[in-house]
Amino acid sequence: MTEAQDVFKNIQRKPGLQIWTISKMKMVSVPEQAFGNFFEGDCYIILNVSNSTTQSTDIHYWIGNTSSQDEQGAAAIYVTQLDEYLDGSPVQYREVQGCESAKFKSYFKSGLIYKTGGVGSGFTHVETNMYNIQRLLHVKGTKHVTAREVEVSWSSFNLGDIFLLDLGKAIIQWNGPQSNRQEKLKAVLLAQDIRDRERGGRAQIGVIEGGQEEASADLMKIMKSVLGQRTVNLREAIPDDKPDQNQNSIIKLYHVSDASGQLLVQEVASSPLTQDLLCSSDCYFLDQGGNSIMVWKGKGASDEERRSALSRAVGFIKAKKYPSNTKVEVMSEGGESAMFKHLFKSWKEKGQTQGLGKIHTVGKIAKVDQVKFDVMELHAQPKLAAQERMVDDASGHVQIWRIENLELKEVDRSTYGQFYGGDCYLVLYTYNRANKPQYILYMWQGRHATQDEVTACAYQAVNLDNKYNGAPTQVRVVMGKEPRHFLAIFKARLIIFEGGTGRPGVVNPDPGARLFQVRGTHEMNTKATEVPARASSLNTNDVFLLKTHQTVFLWYGKGCSGDEREMGKAVADLLSEQDKQNVMEGQEPAAFWVALGGKAPYASDKRLEKEVAPHDPRLFECSNQTGRFLMTEVSDFSQDDLDEDDVMLLDTWEEIFLWIGNSANQYEIQESYSSAVDYLKTHPAGRDPGTPISTVKQGYEPPTFTGWFNAWDAHKWSNLNNTDLNKKTGGGAGSYSAPGGPGNIRSHNHRMSSSISNAHANQSPARAKPSGMQDSELVQTPNQLRQGEDPGKREEFLTDAEFENLLGCNRNNFQRLPKWRQNDLKKKAGLF
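This part is about the overall build of the chain. Scanning the chain from N- to C-terminus turns up 19 helices and 34 strands. For the chain, the exposed area adds up to about 36,600 Å²; of that, 48% sits on carbon and sulfur atoms.

Attention shifts here to the nonpolar core. Core analysis: the largest hydrophobic core is formed by 38 residues, its most contacted members being Ile400, Phe419, Val427 and Phe486. Each residue touching Phe486, except ones within four places of it in the same chain, is listed here: Phe419, Val427, Tyr442, Trp444, Val477 and Leu494. Counting 34 residues, the second largest nonpolar core, distinct from the first, contains Phe8, Ile63, Tyr254 and Val314.

Moving on: the side chain of Asp643. Tracing the sequence through the fold places Asp643 in the loop between strand E31 (630–634) and strand E32 (647–651). Within the structure, Asp643 has its side chain in polar contact with the backbone nitrogen of Asp645 (distance 3.0 Å).

Taken together, the seven strands give an open sheet; going across it, the order is E20-E24-E26-E25-E27-E28-E29, and neighbouring strands pair in mixed fashion. In the strand order of this sheet, the two ends are held by strand E20 (418–420) and strand E29 (580–584), each with one partner. Within this sheet the neighbouring strands show an average axis-to-axis angle of 20°, counted without direction. Where E20 meets strand E24 (residues 494–497), three bridges bridge the pair, whose relative direction is parallel.

What follows concerns the confidence of the model for the chain. Put simply, the chain has an average pLDDT of 75, and 74% of its residues get 70 or more. Of the regions scoring below 50 in pLDDT, residues 349–389 engages in 83 contacts with residues more than four places distant in sequence or in other chains.

Another aspect to go through is the pattern of salt bridges. Scanning the entire structure with this criterion turns up 19 salt bridges. When the shortest N-O distance is used, the salt bridge between Lys184 and Glu209 registers 3.1 Å. Of the two residues, Lys184 is situated in helix H4 (residues 181–198) and Glu209 in strand E12 (residues 204–209); the sequence distance between them amounts to 25 residues. An identical accessibility class is assigned to Lys184 and Glu209; each is buried. Linking Glu404 and Arg402 is a salt bridge whose minimum nitrogen-to-oxygen distance equals 2.9 Å. Comparing Glu404 with Arg402, the two get one shared label, buried. A single network of salt bridges, built from pairs that share partners, joins Arg135, Glu149 and Asp166.

Enumeration over the complete set of coordinates arrives at 31 aromatic pairs. Measuring from ring centre to ring centre gives 6.4 Å for Phe104 and Tyr107, while their planes differ by 65°; the resulting arrangement is edge-to-face. Pair check on accessibility: Phe104 and Tyr107 agree, each one buried. Geometry around Trp154 places Arg230 over its ring, the cationic atom sitting 4.6 Å from the centre. Here Arg565 stacks its cationic end above the ring of Tyr556, 6.0 Å away from the centre of that ring.

Before going further, it helps to spend a moment on the environment of Leu554. When you line up the elements, Leu554 lands in strand E28 (residues 552–556). With 30 residues separating them in the primary sequence, Leu554 and Met584 have C-alpha atoms 8.4 Å apart. Sequence-distant contacts of Leu554, that is, excluding residues within four places in its chain, are made with Val543, Phe544, Leu545, Gly568, Lys569, Ala572, Gln581, Asn582 and Val583.

Let us look at the sheet that holds E12. What the seven strands build is an open sheet, ordered E3-E7-E9-E8-E10-E11-E12; its pairing is mixed. Edge positions in the sheet fall to strand E3 (37–39) and E12, since each has one partner strand and no second. Between one strand axis and the next, the sheet turns by 25° as a mean value, whatever way the strands run. Sheet topology places E3 next to strand E7 (residues 112–115); three bridges connect them, and they run parallel. Along E7, the bridge assignment pairs Asn37 with Ile113.

Right, let's get into the pairing of strand E8 (residues 135–140). Regular strands show a simple pattern: their side chains alternate between the two faces of the sheet. Of all six residues in E8, six are buried; the element is thus mostly enclosed. Of the two faces of E8, both are covered, the one formed by Arg135, Leu137 and Val139 as well as the one formed by Leu136, His138 and Lys140. Pairing analysis gives five bridges linking E8 to strand E9 (residues 146–150), with the strands arranged antiparallel. Considered in E9, the bridge of Val139 is made with Ala147.

With that settled, the discussion passes to helix H7 (residues 309–319). Restricting attention to buried positions, one finds in H7 the residues Ala309, Leu310, Arg312, Ala313, Val314, Phe316 and Ile317. One or two steps after H7, the chain reaches Lys321, where phi turns positive at roughly 60°.

Here we come to helix H2 (residues 69–85). An α-helix turns once every 3.6 residues. As a result, residues three or four positions apart point the same way. Along its 17 residues, H2 runs 24 Å from first to last C-alpha, staying within 8% of the 24 Å computed at 1.5 Å per residue. Those residues of H2 not exposed but buried are Glu71, Gln72, Ala74, Ala75, Ala76, Tyr78, Val79, Thr80, Gln81, Leu82 and Asp83. The first or second residue beyond H2 is Asp87, which carries a positive phi of 65°.

Another point: the side chain of Glu100. With respect to the element layout, Glu100 can be found in the loop between strand E6 (91–96) and helix H3 (102–106). For Glu100, which is buried and forms no salt bridge, the nearest opposite charge comes from Lys105, at a distance of 4.7 Å. Engagement of the side chain of Glu100 in a polar contact is seen with the side chain of Trp62, the distance being 2.8 Å. A polar contact of 3.1 Å, which involves the side chain of Glu100, links it to the backbone nitrogen of Gly98. The residues touching Glu100, leaving out its near neighbours within four places in the chain, are Trp62, Glu95, Lys105, Leu112, Tyr114 and Lys327.

The residue Leu406 is not glycine, and still its phi comes out positive at about 70°. Following the sequence through the fold, Leu406 ends up in the loop between strand E18 (397–404) and strand E19 (407–410). We note that Lys491 has phi near 50°; this positive angle belongs to a residue other than glycine. Tracing the backbone shows Lys491 in the loop between helix H11 (484–488) and E24.

Summarising burial for E28: five of the five residues are buried, a large majority. In E28, alternate side chains face the same way, and those of Val552, Leu554 and Tyr556 on one face and Phe553 and Trp555 on the other are all buried. Bridge analysis of strand E27 (residues 543–547) against E28 gives five bridges, and the strand direction is antiparallel. Looking at the pairing, Phe544 lines up with Trp555 of E28. Two successive antiparallel strands, E27 and E28, enclose a turn made up of four residues. Running through helix H12 (residues 562–575), the crossover from E28 to the neighbouring parallel element E29 is right-handed.

Turning our eyes to something else, we now look at the environment of Leu428. Along the chain, Leu428 falls in strand E21 (residues 424–433). Residue Leu428 is classed as buried on the basis of its relative accessible area, which comes to 0%. In sequence terms Leu428 and Ala461 are 33 residues apart; their C-alpha atoms lie 9.7 Å from each other. Every residue in contact with Leu428, bar those within four places of it in the chain, is listed here: His397, Val398, Gln399, Trp401, Tyr439, Ile440, Leu441 and Tyr468.

Cut-offs and rules
- Residues numbered from 1 in each chain as written.
- Predicted model: local features only at pLDDT ≥ 70, side-chain atom pairs only at ≥ 80, totals over all residues.
- Heavy atoms only, no water.
- Helix = DSSP H or I, 4+ residues; strand = E, 2+ residues; numbered from the N terminus.
- Areas by Shrake-Rupley, 256 points an atom, 1.4 Å probe, with all protein chains shown as cover.
- Core = buried A, V, L, I, M, F, W, Y, C linked by side-chain atoms within 4.5 Å.
- Buried < 20%, exposed > 50% of the residue type's maximum accessible area, 1.4 Å probe, protein only.
- Contact = heavy atoms within 4.5 Å.
- Polar contact = N/O pair within 3.5 Å; in protein donor to acceptor, adjacent residues only side chain to side chain.
- Pairing = 2+ DSSP bridges.
- Axes fitted to C-alpha atoms, helices over the stretch in contact; angles between N-to-C directions.
- pLDDT = per-residue confidence, 0-100.
- Salt bridge = Lys/Arg side-chain N within 4 Å of Asp/Glu carboxyl O.
- Phe/Tyr/Trp six-rings, centres within 6.5 Å; stacked < 30°, edge-to-face > 60°.
- Lys NZ or Arg CZ within 6 Å of the ring centre and 35° of its normal.
- Expected span 1.5 Å × (residues − 1).
- Lys, Arg positive; Asp, Glu negative; His and termini not counted.
- Right-handed = clockwise from strand over helix to strand, strands pointing away.

This is the structure in structure tokens:
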């Protein structure tokens, strides 16, 4: 216990993950850059402290398929000791390789990678910038991705999954003909994560569509040089994740006691269960037919009963002859998980409702009987914790650096609060607690920054973190999703420019008119965001600043409050020293509309005019990708959260919107409408069942819908070229941009495979090409310059059809866009 205590003393009780592996029966810390990589021969302990205001804590211990019994036993003991060290408050989870819980998988956004061997065999977790690698990863999943190292052979392939051939300096992604678009995009993100974390951003990514390998002949040559000629037909697709079967059987409650000196497990009751069956002086097993065992420890249970609860649950699984991968969840009285309480007919806590409906699986795992989804779950679940906590009154010390030439450059204090979409920044915030300095390190990433700059930003953050001995809390801030505390430290001086750079001496392209949306009621929550300078960007609920070469207009929507007007004036003075012309909605001069390219509909619903909205809007994702229909809440939502593979439900209280993604399937569309009706009927606040339910299709969103999203971009999806790749099933060739890889398969694979060939031949690693994983890059680009073309004006040589196909709008609309936006569209279309 002494050795364990030494390890526990180094535990940081701040939001985030901490991981240890079991090596020689001891807990050894895993470096952060290796998070998500798990050796099959090892066991791991994972501690997660949530970012919510309650800072709930979960402990998982992960068991590799080839780990030893001794290691598994040591991990279980350490988990029990860690739970005691944390005063018994965490919920404990037993995770088995390949059968991990959704909660566990959610910690690793890019996916899990199962690696052969183990630390005890001489393998190491971190191999950053090591290129002497040859492995094949079998990738599965759409929401939660797993990748397992398999034999480097064609015999490992099948028609329905995705495989990454990792050659160190080159990563080739082979998409099975029957894999879907979401799987392909997730696999690319995993490849990008490997490149950035394990290769320092210096590896090339190539993509092959298995249904049209001839389109990627050069990449196929490389694959065949490693795998040999393919002499057998590939196997058929393997079914994806099994649907959740936790509700598939009768639930039984067992009483566990050692009062007689011997362990006694006795059945108490079967479903439906009531809370009064649980006695504080004892421990209980809740058995879901072998799918999951939940262990409940009463406050008055003996120390021995509490310590041995986990090991006894494992023994119970063996005695019942349940599968060895059966999930185990351990919790203390008062710290029950939401799922545990859902399994009881009633629970005393106010607002707790009955749990999930049963799911019946018949025959093969691919066939699922669709049973009505219990929408009451949405009301019972608390909101996901998305916002950063306010650690103080934001009066601490601020230092800002910009990434320039991949190095840190201190920002002039006079420009603090100005962030450009073409840059990346590090913001170090210092405050005192108990007379001791505390640090928060924000990593702000511009939407148009290069991949090299994003990678350098993360690298420099590590250096800065080391300078302060690991004390700073690191927070990754995505442009447009700045947390509350980040807004507060700039005291209403936060201005976000869509493009360009803040580097001294660099002249940004003249965009002509610029439009800024100002949101906030006081200096602690105000920011100004640049939006497209056109009328459709306006919103009756906000203040806007329109800056032209001649005039600065301060536009007040009918729904903005006096406080919002005052904050608009303050921001306007920061943006321009010119005199401001105040414009009330409905009284705009002609010059105002001329600067915006003419009048157009915008978010002007009178319901948006209220001084204070009585209820915050809520967004839910509706999907049946797991085998059953589920609705999942999305917190702190933005336009980027609208998943075109699914249906999204937006609840604005006075109206329900069903947003239909282009690739949503018919069952999701049908089920989402009936669930929206039930959602209203079962709402605990007594909602009006006659509340309007509107259906909105992707790309055709009305202002009444877009007005609920900050800085809505109407052109986000207009650049999509709807090839087979955009469909959920099938596996046509299609083309898309892999981060750091080809701009598209048909037109770029020649020069990309040339780079990969060089890398494969052990030449110096090629610099990763900056590229994002945006849907707007799923476009065809011309292969070669036509004779007489000016490379800077290639769009002028396109036919009208080519122009609209590539850039998503006609020539007239394109010319009305700001210059930076034109260049951005051209860059994404491959016209630079």
